[in-house]
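Descriptive structure summary
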Amino acid sequence: MPPFKLAALWVLAIAMVAVGVLHFLRPKPFVRIVPSYLPAPLSLVYISGFFEILGGIGLLIPQTRAWAAWGLIALYVAVFPANIYMLTHEVSLDPDKPIPRWALWLRLPFQFVFIGWAYWFTR
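About the cut-offs
- Residues numbered from 1 in each chain as written.
- Predicted model: local features only at pLDDT ≥ 70, side-chain atom pairs only at ≥ 80, totals over all residues.
- Heavy atoms only, no water.
- Core = buried A, V, L, I, M, F, W, Y, C linked by side-chain atoms within 4.5 Å.
- Buried < 20%, exposed > 50% of the residue type's maximum accessible area, 1.4 Å probe, protein only.
- Helix = DSSP H or I, 4+ residues; strand = E, 2+ residues; numbered from the N terminus.
- Contact = heavy atoms within 4.5 Å.
- Phe/Tyr/Trp six-rings, centres within 6.5 Å; stacked < 30°, edge-to-face > 60°.
- Patch = residues over 30% accessible without salt bridge, like charges linked within 9 Å, V, L, I, M, F, W, Y side chains within 5 Å.
- Areas by Shrake-Rupley, 256 points an atom, 1.4 Å probe, with all protein chains shown as cover.
- Salt bridge = Lys/Arg side-chain N within 4 Å of Asp/Glu carboxyl O.

1. What about the nonpolar core?
- Within the largest apolar cluster, 15 residues are counted, with the highest numbers of intra-cluster contacts made by L12, M16, L59, L72, Y76, A118 and F121.
- At the level of elements, α1 (3-25), α4 (65-89) and α5 (101-119) are the ones that each hand at least two residues to this core.
- For this core, the element with the most residues is α4, which contributes 6 residues.
- Not counting residues within four places of it along the chain, the set of residues in contact with L72 comprises M16, F51, G55, L59 and A118.

2. Topic: the packing of aromatic side chains
- Inspection of every chain in the model, using the stated rule, returns 9 aromatic pairs.
- Taken together, the aromatic side chains of Y76, F110, F114 and W117 make up a single cluster linked through ring pairs.

3. Thoughts on a nonpolar patch on the surface
- Where nonpolar side chains cluster on the molecular surface, the patch consists of F24, Y37, L38, L42, L44, Y46, I47, F50, F51 and L54 and spans about 920 Å² of accessible area.
- Per-element tally for the nonpolar patch: the top contributor is helix α3 (residues 41-59), with 7 residues.
- Following the sequence through the fold, F24 ends up in helix α1.
- By relative accessible area, which is 38% here, F24 ends up partly exposed.

As structure tokens, then:
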């Protein structure tokens, strides 16, 4: 694997594990952005955190890398409604620090960057 791609792999893997761990250590901000029409927000936060950790670790294991990448793509698609919910309901991870509306708009296409990033490791 070329050095740049290896570095990108490690950055994505570490980021996913770190964010996944945060889902367990500080679930409340993530619960805030779960769309209100979904049941059991805390459970969904824990489930998504588990799969973020699993996907991040899986990326680092050559035998599971492609499966982990596809799993992360599915996860990015699954959590996309939270990004839309944040924008349409002006919800922030921290109620004392609202996210600027432009940043919420920018976050939507950025999800496709993550999808493309993970896709890079499916082969």
